[in-house]
Amino acid sequence: MEHLADDFWHVRGDFRIAHIINVGTQMSLVRRPGGTFVLLDSYEPDKADHDALMALTDGGSLIEAVLNVHPFHTVHCAFVQAMLPNARLIGTRRHHHHLPDLRWDPALIEAPATQRAFADLFDFSVPAGVDFISDDENVHVGSVVVRHRASRIVHADDTLNVLDLPSLIQKLVPGPGLRFHPKLAEALEKRAGAADDYIGWAKDLARDWADTRTVCAAHNGICHLTDQSFADAIDAALDDAAETLRDHRETHG
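Within each chain, residue numbers correspond to sequence positions counted from 1 in written order. With pLDDT at 70 or above as the cut-off, local features in this predicted model cover only qualifying residues; side-chain atom pairs require 80 or more to be listed or tallied, and sums for whole chains, interfaces and linings still use all residues. Excluding hydrogens and water, the side-chain values take into account all heavy atoms of the structure.

Peer 1: It is not clear to me how the packing of helix 7 (residues 194-208) against helix 9 (residues 242-252) should be interpreted in this structure. Could you clarify?
Peer 2: Packed helix pairs are characterised by how far apart their axes lie and by the angle those axes make with each other. It is the contact of helix 7 with helix 9, at a shortest axis distance of 8 Å, that shows an interaxial angle of 145 degrees. Between helix 7, through Ala-194, Ala-195, Asp-196, Tyr-198 and Ile-199, and helix 9, the contact on the second element is made entirely by Leu-245, His-248 and Arg-249. Charged residues are taken to be Asp, Glu, Lys and Arg, nonpolar residues to be Ala, Val, Leu, Ile, Met, Phe, Trp, Tyr, Cys and Pro, and polar residues to be all remaining types, Gly included. Classifying every residue of the contact of helix 7 with helix 9 gives five nonpolar, one polar and two charged. Axis definition: a line fitted to C-alpha atoms, over the contacting stretch in the case of helices. Angles run 0 to 180 degrees between N-to-C directions. Secondary structure elements follow DSSP: runs of H or I no shorter than four residues count as helices, runs of E no shorter than two count as strands, and numbering proceeds from the N terminus. Should any heavy atoms of two residues lie within 4.5 Å, those residues are considered in contact.

Structure follows, in structure tokens:
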């Protein structure tokens, strides 16, 4: 468990595709001004991280809520509910549908009313122009992106990726850098204007969260924005996705 800021801790873990390729996963722990905590995402940590988490939160009793912000990140939700039986387990509508036996809080994290309940701590953003829950279960572009306002740290699942380049390439191209999900083409809504809506969302995010200094991304890693601004990082991600967005505009108008 890495202490990234005064009130922000981050846990990175393993997640393997086909039990072979480890793409990693994450969760973050945030302390509220009153001393209680909110957990972002669900993960079953190893013993060292579990013990650190429990020690910091009085055996988990100080964790008020778990916000599961990605519709398709469901593997560890049951473990976290068992670990934190008194915390509010909040997810998306897909969490409720996919794991109906868990004790879900009726609030949905994609709902503005739910987000307002945590607005003292976080900023939230849902990308425009893409399916929040795709019919294709291999397309994980949509999620609720969360920013801890006090630390200026963004917690993002899949919507934003961290491109961690090999050290040799980093000598020529500073990294790691931000990229949008590689399945953006499949996630864009099949309608005119969807690509422009997505671009507008990204530019608004760059403007509204301009002083962001760190992005924790699933599945790849952490991007510390020391050599560029968040706005420049988003612009670079848009440049990387330009062909995808142009193709969608040519097809759908």
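This is not the end of the story, as more comes after the structure.
Peer 1: Even after reading the chapter, I still don't get the environment of Leu-99, so can you show me in this structure?
Peer 2: As for its placement among the helices and strands, Leu-99 is situated in the loop between helix 3 (93-98) and strand 9 (104-108). Between the alpha carbons of Leu-99 and Thr-244 there is a distance of 33 Å; along the sequence they are 145 residues apart. Excluding anything up to four places from it in sequence, Leu-99 contacts Thr-74, Cys-77, Arg-94 and Trp-104.

Peer 1: Even after reading the chapter, I still don't get the pairing of strand 5 (residues 25-31), so can you show me in this structure?
Peer 2: Residues in a regular strand project their side chains so that they alternate between the two faces of the sheet. Extensive coverage of strand 5 is indicated by the burial of six of its seven residues. By this definition, two strands are paired if DSSP reports at least two bridges between them. Relative to strand 6 (residues 37-40), strand 5 runs antiparallel, the two being bridged by four bridges. Bridging from a neighbouring strand, Val-30 pairs with Val-38 of strand 6. Where strand 5 folds back on strand 6, the antiparallel hairpin that results is connected by five residues, among which Gly-35 adopts a positive phi of roughly 105 degrees. Only protein chains enter the accessibility calculation, which uses a 1.4 Å probe; a residue whose area is less than 20% of its type maximum is buried, one above 50% is exposed, and one in between is partly exposed.

Peer 1: Which parts of the structure should I look at to understand the sheet that holds strand 10 (residues 122-125)?
Peer 2: Whenever strands of a sheet pair, they do so through backbone hydrogen bonds, lying parallel or antiparallel. Read across the open sheet, the five strands follow the order 10-11-12-15-16; overall the sheet is mixed. Two strands lie at the open edges of the sheet, namely strand 10 and strand 16 (221-224), each paired on one side alone. Strand-to-strand, the axes of this sheet are offset by a mean angle of 20 degrees, without reference to chain direction.

Peer 1: I keep staring at the nonpolar core and nothing clicks. Help me out?
Peer 2: The tendency in soluble globular proteins is for nonpolar side chains to be buried as a group. With 32 residues, the main nonpolar core has Phe-180, Ile-234 and Leu-245 as its most contacted residues. Elements supplying a minimum of two residues to this core: strand 12 (153-157), strand 13 (160-163), strand 14 (177-180), helix 6 (184-187), helix 7, strand 15 (214-218) and helix 8 (230-240). Sort the elements by how many residues they give to this core and helix 7 lands first, with seven residues. What is meant by a nonpolar core is a set of buried Ala, Val, Leu, Ile, Met, Phe, Trp, Tyr and Cys residues, joined one to another through side-chain atoms within 4.5 Å.

Peer 1: What's the story with the pairing of strand 8 (residues 88-91) in this structure? I'm lost.
Peer 2: Relative to strand 8, strand 7 (residues 63-67) runs parallel, the two sharing three bridges. The residue bridging Val-66 from the neighbouring strand is Leu-89, located in strand 8. If you view a crossover with the strands going away from you and the path from the first strand over the helix to the second runs clockwise, you call it right-handed. Between the parallel elements strand 7 and strand 8, the chain passes through helix 2 (residues 77-83) in a crossover that is right-handed. Bridge analysis of strand 8 against strand 9 gives two bridges, and the strand direction is parallel. Looking at strand 9, one finds that Gly-91 is bridged to Leu-108. Between the parallel pair strand 8 and strand 9, the chain is carried across by helix 3, and the sense of this crossover is right-handed.

Peer 1: Please explain the layout of surface pockets as it appears in this structure.
Peer 2: It is the rolling of a water-molecule-sized probe over the atoms that shows where space remains empty. In this structure, the largest pocket spans a volume of roughly 670 Å³. The definitions used throughout rest on a 1 Å grid laid over the protein atoms alone, on which a cavity is an enclosed set of points accommodating a 1.4 Å probe that cannot get out and a pocket is an open set flanked by protein within 12 Å on both sides along at least five of seven lines; lining residues are those having an atom within 4 Å of a point. In terms of lining, the largest pocket is formed by 35 residues, of which the most central are His-140, Asp-158, Asn-161, His-181 and His-219. In terms of residue count, the dominant contributor to the lining of the largest pocket is strand 13 (three residues). Taken together, the residues that form the lining of the largest pocket break down as 15 nonpolar, 14 polar and six charged. Grid points are joined across faces, edges and corners, and a volume is the space filled by probe spheres set on the points.

Peer 1: Whenever I open this one, unusual backbone geometry confuses me. Can you help?
Peer 2: Most peptide bonds take the trans configuration, and most residues that are not glycine carry a negative phi. One non-glycine residue, Asp-41, lies in the positive phi region at around 75 degrees. Here Asp-41 is to be found in the loop between strand 6 and helix 1 (47-56). Non-glycine residue Asp-58 carries a positive phi angle of around 55 degrees. Note that Asp-58 resides in the loop between helix 1 and strand 7. For Asp-58, a relative accessible area of 54% gives the class exposed.

In short, shape yes, function no, at least from these values alone.
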